[in-house]
Amino acid sequence: MQKILNYIDGNLLEPSTGQYLDNINPATAEVYSLCPNSDASDVELAYQAAAAAFPIWSEMPTAKRSKIMMRIAQLIEQNIDELALAESIDQGKPLWLAKNGEIPRAQENFHFFATAIEHFASEAHAMGAHALNYTLRTPIGVVACISPWNLPLYLFTWKIAPALAAGNCVVAKPSEITPMTAFLLSKICIEAGLPKGVLNIVHGLGPSVGSAMVAHPNISVISFTGGTKTGAEIARVAAPMFKKLSLELGGKNPNIIFADCDFEKTVKESVRASFTNQGEICLCGSRIYVERSIYEKFKTAFVSQVQQLVVGDPLLDETKVGAIASKMHFEKVLGYIELAKEEGGTILCGGNAVSPEGRCANGYFIAPTVVEGLGHLCRTNQEEIFGPLVTIQPFDTEAEVLEMANSTSYGLACTIWTENLNKAHRVAAQIKSGIVWINCWLLRDLRTPFGGMKQSGVGREGGWEALRFFTEMKNVCVKF
Ligand code: NDP
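Residues numbered from 1 in each chain as written. Predicted model: local features only at pLDDT ≥ 70, side-chain atom pairs only at ≥ 80, totals over all residues. Heavy atoms only, no water.

### So, the pairing of strand β4 (residues 20-25)
The pairing of β4 with strand β5 (residues 30-36) spans 6 bridges and is classified as antiparallel. When the sheet's bridge partners are listed, I24 is paired in β5 with V31. What sits between β4 and β5 in their antiparallel hairpin is a turn of 4 residues, with A29 showing a positive phi close to 65 degrees. (Pairing = 2+ DSSP bridges. Helix = DSSP H or I, 4+ residues; strand = E, 2+ residues; numbered from the N terminus.)

### Details of the side chain of S433
On the secondary structure map, S433 appears in the loop between α14 (421-430) and β22 (435-438). One polar contact links the side chain of S433 to the main-chain carbonyl oxygen of I435, over a distance of 3.0 Å. Dropping the residues within four chain positions of it, S433 is found in contact with G411, L412, A413, C414 and M453. (Polar contact = N/O pair within 3.5 Å; in protein donor to acceptor, adjacent residues only side chain to side chain. Contact = heavy atoms within 4.5 Å.)

### Remarks on the packing of aromatic side chains
In the structure shown here, the tally under the stated rule is 10 aromatic pairs. Centre to centre, the rings of F298 and F302 are 5.5 Å apart; their planes meet at 15 degrees, and the pair counts as stacked. Within this pair, F298 and its partner F302 are both found in helix α10 (residues 295-307), separated by 4 residues, close to a single helical turn. The exposure class assigned to F298 is buried, which follows from its relative accessible area of 0%. When the ring of F330 is compared with that of Y364, the centres are 5.6 Å apart and the planes differ by 40 degrees; the resulting orientation is tilted. (Phe/Tyr/Trp six-rings, centres within 6.5 Å; stacked < 30°, edge-to-face > 60°. Buried < 20%, exposed > 50% of the residue type's maximum accessible area, 1.4 Å probe, protein only.)

### Re helix α8 (residues 228-238)
When α8 is considered as a whole, its buried residues turn out to be T228, G231, I234 and A238. With its buried residues spanning 115 degrees around the axis, α8 presents them on a single face. Seen from the buried face of α8, the exposed residues on the opposite side, beyond 90 degrees, are K229 and R236. Elements that come into contact with the buried residues of α8 comprise α7 (206-215), β11 (221-225), β12 (244-248) and β20 (410-411). (Arc of directions from axis to C-beta.)

### Digging into the pattern of salt bridges
Per the counting criterion, the structure on display carries 18 salt bridges. Among the charged side chains, a network of salt bridges with common partners joins E296, K299 and E372. (Salt bridge = Lys/Arg side-chain N within 4 Å of Asp/Glu carboxyl O.)

### Brief notes about the packing of helix α4 (residues 95-116) against helix α5 (residues 152-165)
For the pair α4 and α5, interaxial distance at closest approach is 8 Å and the crossing angle is 5 degrees. By the criterion of interaxial angle, the relationship of α4 to α5 is roughly parallel. On the side of α4, the interface is formed by E102, I103, R105, A106, N109, F110 and F113, while α5 contributes P152, L153, Y154, T157, W158, I160, A161, P162, L164 and A165. In terms of residue class, the contact of α4 with α5 is made up of 13 nonpolar, 2 polar and 2 charged. (Axes fitted to C-alpha atoms, helices over the stretch in contact; angles between N-to-C directions. Parallel < 35°, antiparallel > 145°, perpendicular 65-115°, else oblique. Nonpolar A, V, L, I, M, F, W, Y, C, P; charged D, E, K, R; others polar.)

### Let's talk about the side chain of K173
Tracing the backbone shows K173 in strand β9 (residues 169-173). Among buried Asp, Glu, Lys and Arg side chains, K173 stands out as unpaired, with E176 the closest opposite charge at 5.1 Å. A distance of 2.9 Å separates a polar side-chain atom of K173 from the backbone oxygen of G204. If we ignore the near neighbours within four places in the chain, the residues touching K173 are C145, I146, S147, F156, V202, G204, L205, G206, V209, G210 and M213. (Lys, Arg positive; Asp, Glu negative; His and termini not counted.)

### So, the site of the ligand
In the vicinity of the ligand lie 32 residues, with E176, T230, L249, C282 and E384 positioned nearest. The contact in question runs from an oxygen atom of the ligand to an N or O atom on the backbone of G206, over 3.1 Å. In this structure, an oxygen atom belonging to the ligand sits 2.8 Å away from a main-chain N or O atom of G227. When contributions to the shell around the ligand are tallied by element, the ones reaching two or more residues are α7, β11 and α8. Sorting elements by how many residues they give to the shell around the ligand places α7 first, with 4 residues. Of the residues contributing to the shell around the ligand, the split by class is 14 nonpolar, 13 polar and 5 charged. (Near = heavy atom within 4 Å.)

### A short note on unusual backbone geometry
Residues other than glycine seldom take positive phi values, yet A29 does so here, at roughly 65 degrees. Looking at the element boundaries, A29 is found in the loop between β4 and β5. Residue A29 is classed as partly exposed on the basis of its relative accessible area, which comes to 31%. Phi at K454 is positive, roughly 50 degrees, even though this residue is not glycine. By secondary structure assignment, the location of K454 is in strand β23 (residues 453-454). Taking the relative accessible area as the measure of exposure, K454 reaches 37% and is therefore partly exposed.

Now the structure itself:
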């Protein structure tokens, strides 16, 4: 059985506990590798290694730091087949999706921040001819990066790359549900010549490894992506220690469809926005609001396309919906399907677990599910489900759809479909979310600020925002 190892001080190490967790392939429900069940002593080792490496890394000329990161990007690209296969097996996503979306994006994350740091500058404020203020931005020290299981390498590198580019050393924890590509990344870092201790990856459970990172007295910066409840717990522990926090949390995103949309494109893209990666993307649109005059037509076309999505073996090209990432999450999503029925919803398609023929018969599969007939304030329409379940409901006026769209405690992303640009901008301005897509979904420019409002998070990732987050600011005022 393959053993995943921690990456500490440039070495691949067993956890100090000597204990391992079963790592399960969700498409077969079989244990296929072992993940270290590390604890606070491994986090301490990682911290010591990172602290020792900090002077070397932070003082290294930017161009040299950038070159090492570019080498990591190159090696991700060269190993795309191995990484994509590993991600698909570990997470359950279709192999083609890992190969065309997730792993290339991990490469881009390293490439983007390796180049961005060479153009990063700070401000100066002249006070007439009498004085000048200039702002210094310096690396902070040892930072913690904690990521979830839905887009494992994509989100892991989205944090690590800006932290490293800005000159910090990192202690990182991937989700114990999907640790494999982070392990492969540690081997890539060794091959790329990343100095020892600059990046340390400690595998294990959130309550033991993650919480030790958050509580560590000398790790003053935490970048976290995950659920809102976990984010609240991290904030509770970190606040009295005055740590700097970036929290990218849950979502319950509205997908607003006006009658004057480009109909064919909207149906097709709404299917993608609902069920890509089994609906396990924080940006998926899970509440579809359709203007009443096209409601029936849209519903029929949408459900018909959803029913054509092939659910099954993630390794097959024709599969559009793979396995749910874990048994626990599989049961959670099925529980929400029952709740939707109890709340009076009608299942238009899906609504059941699927057992594909062959090697995946015992895997965690759920048919893409569309529910109608629910009020916007019921639990199904308020709570994050994070799976292949969407609701659909009609609306009559702009004011009504805005009220429904803004009615949840989340505010991550929103999608608007209309050919009327005045309306699109008007609605976009009134939507309470950190990201609004007009006539597209998941179109990402890595320079843009990424993150949510309300309980979807605090702070923004991406572009200069990420480099600013991972640097300490100092104003120097000189009087002439
Ligand atoms: P969790 O919050 O359960 O876990 C996220 C990470 O935090 C995991 O590595 C987890 O470890 C770790 N963790 C758990 N408890 C603690 C703790 N007390 N202290 C420190 N770390 C801890 O989220 P999921 O992994 O279930 O991911 C799904 C969630 O992530 C959804 O809510 C989704 O919306 C959100 N998400 C948000 C995104 C955004 O950009 N806003 C993007 C993608 C996902 P372990 O897994 O080992 O328990």
